[in-house]
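Structural characterization, general
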Amino acid sequence: MPRAGLTPELVTAEAAALSDEGGFDALSLAAVAKRLGVATPSLYKHVDSLAGLRREVSLLAVAELSGRLQAAAVGKSGAEAVHALFRAYRRYAHEHPGGYTSIQQAPTPSDTEAYAAFARPVEVIAAVLRGFDIPEAQVVHTIRALRSSLHGFVDLEARGGFGMPEDIDESYTALVEGFVRALERRPGPDGRAEREVGN
């Protein structure tokens, strides 16, 4: 029986759920239509193409991740904020693997809506990093290093890349602590560490 009250938001939400269940790359209009109980052509009233639907899924995902990161970091600073960001990022990747995959390719600057949406989680991370007095010219590089660390870990984890018996949560904590130490010991303009741990 067809679903009543079909909307673009509902189509996107169901597509996001499907991508979490079966993988973002496997997402199709036919699968979404079947899940909603409608014929595939009916979706074109709400989405213009598969590419358009995937874009909507990525916008939903990046908004969700931004909200998670913001909520995790609010009221925190320094090492505590970094730990909170890392935890929230990994949790989102676990809970929404399809959505997480959908946001790994940056949109083009010509897509101003998507470009602005994808900037929001970066802005949250940048705000946390300001607590470490990172020079403006180094902020983007530091964010890229942080994202690479996060993504490398969660991607390996998702693919079953950690086969040894040691606790994976402990490994993740070690990753976070290592990144925090790197931020705290970052050389300043005079070549000395910006922060002396323990002071």
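Residues numbered from 1 in each chain as written. Predicted model: local features only at pLDDT ≥ 70, side-chain atom pairs only at ≥ 80, totals over all residues. Heavy atoms only, no water.

Notes on the nonpolar core
- In terms of nonpolar packing, the biggest core is built from 39 residues, with Val82 and Phe86 touching the most fellow members.
- Elements represented by at least two residues in this core include exactly helix H3 (50-73), helix H4 (78-95), helix H6 (112-129), helix H7 (136-158) and helix H8 (168-184).
- By residue number, the principal contributor to this core is H4, which donates nine residues. (Core = buried A, V, L, I, M, F, W, Y, C linked by side-chain atoms within 4.5 Å. Buried < 20%, exposed > 50% of the residue type's maximum accessible area, 1.4 Å probe, protein only. Helix = DSSP H or I, 4+ residues; strand = E, 2+ residues; numbered from the N terminus.)

Let's talk about the pattern of salt bridges
- Under the criterion given, the structure shown has nine salt bridges.
- Several salt bridges converge on common partners, so that one network encompasses Arg55, Glu56, Asp111 and Glu113. (Salt bridge = Lys/Arg side-chain N within 4 Å of Asp/Glu carboxyl O.)

Regarding the packing of H6 against H7
- Between H6 and H7, whose axes approach to 10 Å, the crossing angle comes to 110°. On the basis of their axis angle, the class for H6 and H7 is roughly perpendicular. When H6 is examined against H7, the residues Val122, Ile125, Ala126 and Leu129 are found in contact with a partner set consisting of Val139, Thr142, Ile143 and Leu146.
- Split into classes, the residues belonging to the contact of H6 with H7 amount to seven nonpolar, one polar and no charged. (Axes fitted to C-alpha atoms, helices over the stretch in contact; angles between N-to-C directions. Parallel < 35°, antiparallel > 145°, perpendicular 65-115°, else oblique. Contact = heavy atoms within 4.5 Å. Nonpolar A, V, L, I, M, F, W, Y, C, P; charged D, E, K, R; others polar.)

Thoughts on unusual backbone geometry
- At Asp133, a position not held by glycine, the phi torsion is positive, near 55°.
- Tracing the backbone through its elements, the reader meets Asp133 in the loop between H6 and H7.
- You can call Asp133 exposed: its relative accessible area is 52%.

Some remarks on the confidence of the model for the protein
- Of all residues in the protein, 91% have pLDDT values of 70 or greater, and the mean over the chain is 90.
- The least confident element of the protein, judged by mean pLDDT, is H7 at 92; the most confident is H3 at 97.
- Below pLDDT 50 for its whole length, residues 195-199 participates in seven contacts with residues either more than four positions away or in separate chains. (pLDDT = per-residue confidence, 0-100.)

Quick word on the packing of aromatic side chains
- Counted under the stated rule, the structure contains five aromatic pairs.
- A centroid spacing of 6.1 Å and a plane angle of 50° characterise the contact between Phe86 and Tyr172, whose relative ring orientation is tilted. Placement of the pair is Phe86 in helix H4 and Tyr172 in helix H8, with a sequence separation of 86 residues.
- Judged by relative accessible area, Phe86 falls into the buried class, the value being 0%.
- Taking the centre distance of 5.9 Å and the plane angle of 50° together, the rings of Phe86 and Phe179 count as tilted. With Phe86 in helix H4 and Phe179 in helix H8, the pair connects residues that are 93 residues apart, well separated along the chain. For the residue pair Phe86 and Phe179, the accessibility class agrees, reading buried in each case.
- Here the aromatic residues Phe86, Phe153, Phe162, Tyr172 and Phe179 are joined through ring pairs into a cluster of three or more.
- In this structure, Arg54 packs its charged tip against the face of Phe24, placed 5.6 Å from the ring centre.
- Sitting over the face of the ring of Tyr172, Arg90 holds its NZ or CZ atom 4.7 Å from the ring centroid. (Phe/Tyr/Trp six-rings, centres within 6.5 Å; stacked < 30°, edge-to-face > 60°. Lys NZ or Arg CZ within 6 Å of the ring centre and 35° of its normal.)

Some points on the environment of Val57
- Inspection of the secondary structure assignment puts Val57 in helix H3.
- Accessibility expressed as a relative area gives 1% for Val57, which makes it buried.
- Through-space distance from the C-alpha of Val57 to that of Ala17 is 9.3 Å; in sequence the pair is 40 residues apart.
- Those residues in contact with Val57 that sit more than four places away from it in its chain are Thr12, Ala15, Ala16, Ser19, Phe24, Leu27 and Ser102.

Some thoughts on the packing of H3 against H6
- Here H3 crosses H6 at 20°, and the two axes come no closer than 9 Å. What the angle tells us is that H3 and H6 run roughly parallel. Here H3 runs over H6; the crossing is left-handed. Only Glu113, Ala114, Ala117, Phe118, Arg120, Pro121, Val124 and Val128 of H6 make contact with H3, whose side of the interface consists of Arg55, Ser58, Leu59, Val62, Ser66, Leu69, Gln70 and Ala73.
- In terms of residue class, the contact of H3 with H6 is made up of ten nonpolar, three polar and three charged. (Left-handed = near helix turned anticlockwise from the far one by under 90°.)

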